[in-house]
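Reading the structure
Here's the letter readout for the chains.
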Amino acid sequence: MGYRNGVTRRAAEIRLDALLRTACEVIAERGLANTRTADVAEAAGVSQALVFYHFATKDRLLAQAFAYAVEQDLARLDAVLRSSAPPLAKLRRMLRLYAPTGRSTSWSMWIDGWAESLRTPELEKLSRRLDLRWRQDLAAVIADGVADGTFACPDPAGAAWRISAVMDGLAVQLAVHERVITRRQIAEWVRLVAARELSLEPSQLD
């Protein structure tokens, strides 16, 4: 019986993970305000009753989906930071990790999440957690690079905020205004800004 209960719990966890992953995709496509539990159920190929079984309310579903997205991003960030790579290599990976790719559905979700955070304290707490972690970790990598002589930067924390602000602004333009700027331009400008902050040549961040 214990084995069966363990298998059942594991199946429920896998199902929950799949529902959260699907919910993130639906939210990125439709927006937080326009996502219904029925939309998530249809996309996941399950009943709406099952969605309510896991989340009880639509608001809970949206909050947990956003939390799931935060945790996925933090896990990818942690993988970079735990690596034995030198600071310059970590910086390159972090800039690529943060940059919008593909159809920028991930960025669409974050933009929507920032907007909803003005009205929803739980979403504000989650988005702030990711924002601050990103900037703190970027500052730490910059500080490590200063310590080993790779970077020259008198203010790693300020540099992290300025680099992040440029990336946020450019990513929003790309996600919201189609064909105003290109991903290649974003990559070039981010490298230029980061290089100036850290006394590098932009080519060192390719």
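Residues numbered from 1 in each chain as written. Predicted model: local features only at pLDDT ≥ 70, side-chain atom pairs only at ≥ 80, totals over all residues. Heavy atoms only, no water.

With respect to the overall build of the protein chain
Helices and strands together make up the secondary structure of the protein chain, namely nine helices and zero strands. Ordered by position from N to C terminus, the α and β elements of the protein chain give α-α-α-α-α-α-α-α-α. Taking all 206 residues of the protein chain together, the buried fraction comes to 41%. Within the protein chain, counting contacts between residues at least 6 apart in sequence, those at least 24 apart form 64% of the total. (Helix = DSSP H or I, 4+ residues; strand = E, 2+ residues; numbered from the N terminus. Buried < 20%, exposed > 50% of the residue type's maximum accessible area, 1.4 Å probe, protein only. Contact = heavy atoms within 4.5 Å.)

A short note on the side chain of K90
When you line up the elements, K90 lands in helix 5 (residues 87-98). No salt bridge is formed by the buried K90, whose closest oppositely charged neighbour, D144, lies at an N-O distance of 5.4 Å. Within the local environment of K90, its side chain forms a polar contact with the backbone oxygen of S83, the two atoms lying 3.3 Å apart. Those residues in contact with K90 that sit more than four places away from it in its chain are V80, L81, S83, A85 and V141. (Lys, Arg positive; Asp, Glu negative; His and termini not counted. Salt bridge = Lys/Arg side-chain N within 4 Å of Asp/Glu carboxyl O. Polar contact = N/O pair within 3.5 Å; in protein donor to acceptor, adjacent residues only side chain to side chain.)

Let's talk about the nonpolar core
In terms of nonpolar packing, the biggest core is built from 56 residues, with L91, L95, L138, I142 and L205 touching the most fellow members. Here the element with the most residues in this core is helix 4 (residues 58-82); it accounts for ten residues. (Core = buried A, V, L, I, M, F, W, Y, C linked by side-chain atoms within 4.5 Å.)

Description of the environment of L170
Mapped onto the secondary structure, L170 falls in helix 8 (residues 156-176). Here L170 falls in the buried class, since its relative accessible area comes to 15%.

Let's talk about the pattern of salt bridges
For the structure on display, the rule yields 14 salt bridges. Across the pair R36 and D39 runs a salt bridge whose closest N-O atoms are separated by 2.8 Å. Taking the relative accessible area as the measure of exposure, D39 reaches 8% and is therefore buried. Residue E122 pairs with R60 through a salt bridge whose shortest N-O separation is 3.2 Å.

What about helix 8?
Taking 1.5 Å per residue, 21 residues should reach 30 Å; helix 8 reaches 30 Å between its end C-alpha atoms and fits that length. Among all positions of helix 8, only G158, A159, A160, I163, S164, M167, D168, L170, A171 and L174 are buried. (Expected span 1.5 Å × (residues − 1).)

Quick look at the packing of aromatic side chains
The full count for this structure, using the stated rule, is two aromatic pairs. Plain terms: the ring middles of F66 and W110 are 4.7 Å apart, the flat faces sit at 70 degrees to each other, and that makes the pair edge-to-face. Note that F66 is positioned in helix 4 and W110 in helix 6 (residues 105-117), a separation of 44 residues in sequence. Residue F66 is classed as buried on the basis of its relative accessible area of 0%. Judged by relative accessible area, which is 8%, W110 ranks as buried. (Phe/Tyr/Trp six-rings, centres within 6.5 Å; stacked < 30°, edge-to-face > 60°.)

Focus on the side chain of D137
Among the structural elements, D137 can be located in helix 7 (residues 121-147). Owing to a relative accessible area of 12%, D137 belongs among the buried residues under this scheme. Look past the residues within four positions of D137 in its chain and what remains in contact with it is L77, L81 and M94.

Quick look at helix 3 (residues 48-55)
Inspection of helix 3 places L50, V51, H54 and F55 among the buried residues, and these make up the whole buried set. Relative to the axis of helix 3, the buried residues are bounded by an arc of 115 degrees and lie together on one face. Residues A49 and Y53 are exposed on helix 3 and point more than 90 degrees away from its buried face. Among the residues trailing helix 3, A56 stands out with phi positive, at a value near 70 degrees. (Arc of directions from axis to C-beta.)

A few points about the UniProt feature "DNA-binding region" (unreviewed entry) in the protein chain
UniProt's feature table lists "DNA-binding region" (unreviewed entry) at residues 36-55, given in the numbering used throughout. Taken as a whole, residues 36-55 contains 80% helix and 0% strand, while its terminal C-alpha atoms sit 13 Å from one another. (UniProt positions renumbered as here; feature names shortened; annotations may be inferred.)

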